[in-house]
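Chain residues, written in single-letter form:
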Amino acid sequence: MTLPTPWRKTTQHLMPARAADANRDAPPAGYHIYPAHDLGDGTIEGGFPALAQRLAGAGRVILDGYPGVLWADFQERLDAALRDLGVHAHWIDVAAAMKPSNAIDALIAPFLGGDDPIFGTRFAGSLADFFDAAALHALAPDPDATLNILYGCGAALAGWAGTLVYVDVPKNEIQFRQRAGSVTCLGAAAPLAPKPAYKRSYFVDWVAANRHKQELHARIDWIVDGQRPDAITFARGDALRRGLAQLATNFFRVRPWFEPGPWGGQWLRRQMPQLAQDVPNYAWSFELIVPENGLIFTGDGWLLEVSFDFLMHRDAHAILGESAAAFGSEFPIRFDFLDTFDGGNLSVQCHPRPEYIRQHFGELFTQDETYYILEAGPDARCYLGFQADIDPAAFRAALDDSFANATPVDVERFVQVHPARKHDLFLIPNGTIHCSGIDTLVLEISATPYIFTFKMYDWMRLDLDGRPRPLNIDRAFENLYFDRKGARIPAEFIAQPRVIDAGPGWELIHQPTHRHHFYDVHRYKFSGSVDVATNGSCHVLSLVEGKSVLLETANGARQRFHFAETFVVPAAAGSYRLTSEAGEELHVVKAFVKPRAAWVEGVVA
């Protein structure tokens, strides 16, 4: 087979194909890194021989899929399996109808941000723009062939009638392939270096591919999980759509993934021994960053992962309720962990104002954040807001001198520092200077956009490749609010918890967010059970204190979640119950979109 060597560059484990192998090393009653939802018996199959049997008599097959599929290797393996059945397929690569790479480079150049190493603008076109329309429609099946297969990203654009197979690959695995140089971006002449490849994927490839996938959603006959080149799993499209409908009215938990970083800590590694241990640290756990997370299904002992987009494409209103009118198929809330235990401070940073992120990057809404402190060491701190006597010119001069001459900045001369304790909530609306200090495990509860961080100072630190990390001082100063300073900060930008409801054995604590946040935060404290109504909104939850919590929805679904696991109850669930099975005191955080009337004008375009 033509599997590149190496085809994947990471120390992270490849998700196994079999459910029995998925959480073998997990603590018996602890955090699971491969959460799976039951698709039912007779729904998921595994291996190229089984797929070949399903397709052998189809006549015409359209084999489409996401950018990042190892198409040459996939084609060889499926062809070999078909030949074993005595079927000699006629294969056509849809890439033959792509525009020349120089024409594609010109098409996407306005969206790549020039020499900017991080930022571009969301692609405004479609996947069809990458193809020559005449050449695409000239791709004709061989009338003498028993089986014609048109394959590659965009194959369905040729307009063939036939069996539609879609090959999906998780976005974390796409990034691992990009780091190994085993895949190219759409229409690129050769593999790009990892960081340019990620930028091109984020702003162009994934945008175009997601629009294409949404158009195909209802037509897919077979969905294939292509993350393991030699061990695919697959299911019928109808079975997947039924499974997604079940999640949309009950609950779901996405598959998290984990990454080291220059400031990363050791808490996640110690808490989750089933993770790969041959890394210097873990900085991030992407608990619910849905543009990159997947959903795992299980059936007949197999595991099948599909991207989160499939769920939103199925029924966004069932997931989001009334806020679907504003967010469409974009999920609005993000949960992730930032681990600095025995690590370093995050960079001093801010995020773009709403009009700035729309104008410069094409995003619908901006990166408004909060820091929920899940665990904290005795000296844990959060940098937030300016000192009362801030002089913007002096601050800029100190940053510029540090950048030019590698001199340290006395950050506390300009930025306030606050003690951080478990269950504190620091409010970081756009334009607010901030960073987490060492010895904290932050549950970052935020709006979904996640790469738009304007770093001003990074403590003279190199990245894990030994190179200086990019700074965005100019962009930061175009977005900072220098009036967020002095006494305003503890009064306005650190949540003041208060009990707003209570019952036998439970309290509902409001930890109010800033008026510029479109989402709010509650915390349930209970030792028995508490009943919760969704009230037409999606609820994102995490067990932040205690060993485990039992979730039961009004529709009869039940699932136990463990400490630090994030899970979601869609608006369409209506109501649910949280129970402490052992009678221990539990704390569950809940984030949800505020009623539209409470939003500041311009939060969402």
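Scroll up to find the structure.
Calculation rules
Residues numbered from 1 in each chain as written. Predicted model: local features only at pLDDT ≥ 70, side-chain atom pairs only at ≥ 80, totals over all residues. Heavy atoms only, no water. Phe/Tyr/Trp six-rings, centres within 6.5 Å; stacked < 30°, edge-to-face > 60°. Helix = DSSP H or I, 4+ residues; strand = E, 2+ residues; numbered from the N terminus. Axes fitted to C-alpha atoms, helices over the stretch in contact; angles between N-to-C directions. Parallel < 35°, antiparallel > 145°, perpendicular 65-115°, else oblique. Left-handed = near helix turned anticlockwise from the far one by under 90°. Contact = heavy atoms within 4.5 Å. Nonpolar A, V, L, I, M, F, W, Y, C, P; charged D, E, K, R; others polar. Expected span 1.5 Å × (residues − 1). Buried < 20%, exposed > 50% of the residue type's maximum accessible area, 1.4 Å probe, protein only. Salt bridge = Lys/Arg side-chain N within 4 Å of Asp/Glu carboxyl O. Polar contact = N/O pair within 3.5 Å; in protein donor to acceptor, adjacent residues only side chain to side chain. Disulfide = S-S within 2.5 Å. Core = buried A, V, L, I, M, F, W, Y, C linked by side-chain atoms within 4.5 Å. Pairing = 2+ DSSP bridges. 1 Å grid on protein atoms, 1.4 Å probe; cavity = no way out; pocket = protein on both sides within 12 Å on 5 of 7 lines; lining within 4 Å. Points joined across faces, edges and corners; volume = space filled by probe spheres on them.

**Student:** Whenever I open this one, the packing of aromatic side chains confuses me. Can you help?
**Tutor:** How two aromatic rings sit relative to each other is given by the distance of their centres and the angle of their planes. In total, this model carries 45 aromatic pairs according to the counting rule given. Between Phe386 and Phe395, the ring centres sit 5.7 Å apart and the planes meet at 75°, which makes this aromatic pair edge-to-face. A centroid spacing of 5.9 Å and a plane angle of 50° characterise the contact between Phe518 and Trp599, whose relative ring orientation is tilted. On the criterion of sequence distance, the pair formed by Phe518 in the loop between strand S23 (506–510) and strand S24 (519–526) and Trp599 in the segment after strand S31 (586–593) is long-range, its members being 81 residues apart.

**Student:** Is there a simple way to think about the packing of helix H1 (residues 48–55) against helix H2 (residues 71–84) in this case?
**Tutor:** Each pair of packed helices can be summarised by the angle the axes make with each other and by the distance between the axes. With their axes 8 Å apart at the nearest point, H1 and H2 run at an angle of 70° to one another. One finds that H1 runs roughly perpendicular with respect to H2. Of the two possible hands of crossing, H1 and H2 adopt the one that is right-handed. Residues Phe48, Pro49, Leu51, Ala52 and Leu55 of H1 touch H2, and the partners they reach there are Phe74, Arg77, Leu78, Ala81 and Leu82. Split by residue class, the contact of H1 with H2 holds nine nonpolar, no polar and one charged.

**Student:** Teacher, can you tell me more about helix H7 (residues 237–248) here?
**Tutor:** Three or four residues apart is the spacing at which side chains of an α-helix point the same way, because the helix has 3.6 residues per turn. Here H7 spans 16 Å end to end across twelve residues, near enough to the 16 Å set by a 1.5 Å rise per residue. Within the span of H7, buried status applies to Gly237, Ala239, Leu240, Arg241, Gly243, Leu244, Leu247 and Ala248. Lining the buried residues of H7 we find strand S1 (36–38), strand S7 (222–225), strand S8 (233–236), strand S11 (294–299), strand S12 (302–307) and helix H9 (309–320).

**Student:** Is there a simple way to explain the pattern of salt bridges in this structure?
**Tutor:** Where charged atoms of side chains with opposite charge meet at close range, the side chains can pair. The tally for this structure, following the rule as stated, stands at 31 salt bridges. For the salt bridge of Arg122 with Glu363, the shortest nitrogen-to-oxygen distance reads 2.9 Å. Remark: Glu363 occurs in the loop between helix H11 (354–361) and strand S15 (369–376) and Arg122 occurs in the loop between helix H3 (101–108) and helix H4 (133–137); sequence separation between them is 241 residues. For Glu363, a relative accessible area of 5% gives the class buried. Between Asp342 and Arg270 there is a salt bridge, with its nearest N and O atoms 3.3 Å apart. Pair noted here: Asp342 is in the loop between strand S13 (333–339) and strand S14 (348–350) and Arg270 is in helix H8 (residues 267–271), with a separation of 72 residues, a long-range link. Across this residue pair, the class does not change: Asp342 and Arg270 are exposed. Through salt bridges with shared partners, a single network forms among Asp168, Lys171, Lys213 and Asp309.

**Student:** When you look at unusual backbone geometry in this model, what are you seeing that I'm missing?
**Tutor:** Glycine aside, the phi torsion of most residues is negative, and most peptide linkages are trans. Residue Pro6 follows Thr5 across a cis peptide bond; omega there is -10°. Structurally, Pro6 is set in the segment before S1. Residue Asp342 is not a glycine yet carries a positive backbone phi of 60°. Accessibility expressed as a relative area gives 55% for Asp342, which makes it exposed. Non-glycine residue Ala406 carries a positive phi angle of around 55°. Of note, Ala406 is situated in the loop between helix H12 (392–405) and helix H13 (411–414).

**Student:** What should I look at first to understand the side chain of His351 in this one?
**Tutor:** Note that His351 resides in the loop between S14 and H11. Of note is the side chain of His351, whose polar atom sits 3.4 Å from the side chain of Gln367. With residues near it in sequence (within four places) discarded, His351 still touches Gln367, Glu369, Asn430, Gly431, His434, Phe452, Thr453, Phe454 and Asn479.

**Student:** I keep staring at the state of the cysteines and nothing clicks. Help me out?
**Tutor:** What we call a disulfide is simply a covalent bond connecting the sulfur atoms of a pair of cysteines. Scanning the model with the defined rule gives zero disulfides in all. No disulfide involves Cys435; its nearest neighbouring cysteine sulfur is the one of Cys382, lying 7.2 Å away. For Cys435, a relative accessible area of 0% translates into the label buried.

**Student:** Just to check I follow, could you spell out the nonpolar core for this structure?
**Tutor:** Of all hydrophobic cores here, the largest spans 184 residues; its most connected members are Leu63, Phe130 and Phe331. In terms of residue count, the dominant contributor to this core is helix H6 (residues 194–216) (nine residues). Excluding residues that lie within four positions of it along the chain, Leu63 makes contacts with Trp71, Phe74, Leu78, Trp91, Ile149, Leu150, Tyr151, Gly152, Ala155, Val165 and Val167. In terms of nonpolar packing, the next biggest core, distinct from the first, is built from 20 residues, Val532, Val549, Leu551 and Leu586 among them.

**Student:** Help me out: how do you make sense of the sheet that holds S7 in this one?
**Tutor:** Where strands meet in a sheet, backbone hydrogen bonds hold them as pairs that are either parallel or antiparallel. Taken together, seven strands build an open sheet; the order of strands is S2-S8-S7-S6-S3-S5-S4 and the sheet is mixed. The open sheet has two free edges, formed respectively by strand S2 (44–46) and strand S4 (89–93), since each of these has just one partner strand. The mean angle between the axes of side-by-side strands here comes to 25°, regardless of whether they run parallel or antiparallel. Here four bridges tie strand S6 (residues 163–168) to S7, and the two strands are oriented parallel to one another.

**Student:** Just to check I follow, could you spell out empty space enclosed by the protein for this structure?
**Tutor:** It is a probe the size of a water molecule, rolled over the atoms, that shows where empty space is left. All chains considered together, the criterion is met by five cavities of 30 Å³ or more. Lining the largest cavity we find Gln12, His13, Ile33, Tyr34, Asn172, Phe176, Arg255, Pro256, Trp257, Phe258, Leu275 and Ala276. Among the residues forming the lining of the largest cavity, the class breakdown is eight nonpolar, three polar and one charged. Put simply, the second largest cavity is a space of about 70 Å³. The wall of the second largest cavity is formed by Phe48, Val69, Leu70, Asp73, Phe74, Arg77, Val167, Arg177, Gly226 and Pro229. In terms of residue class, the lining of the second largest cavity is made up of six nonpolar, one polar and three charged.

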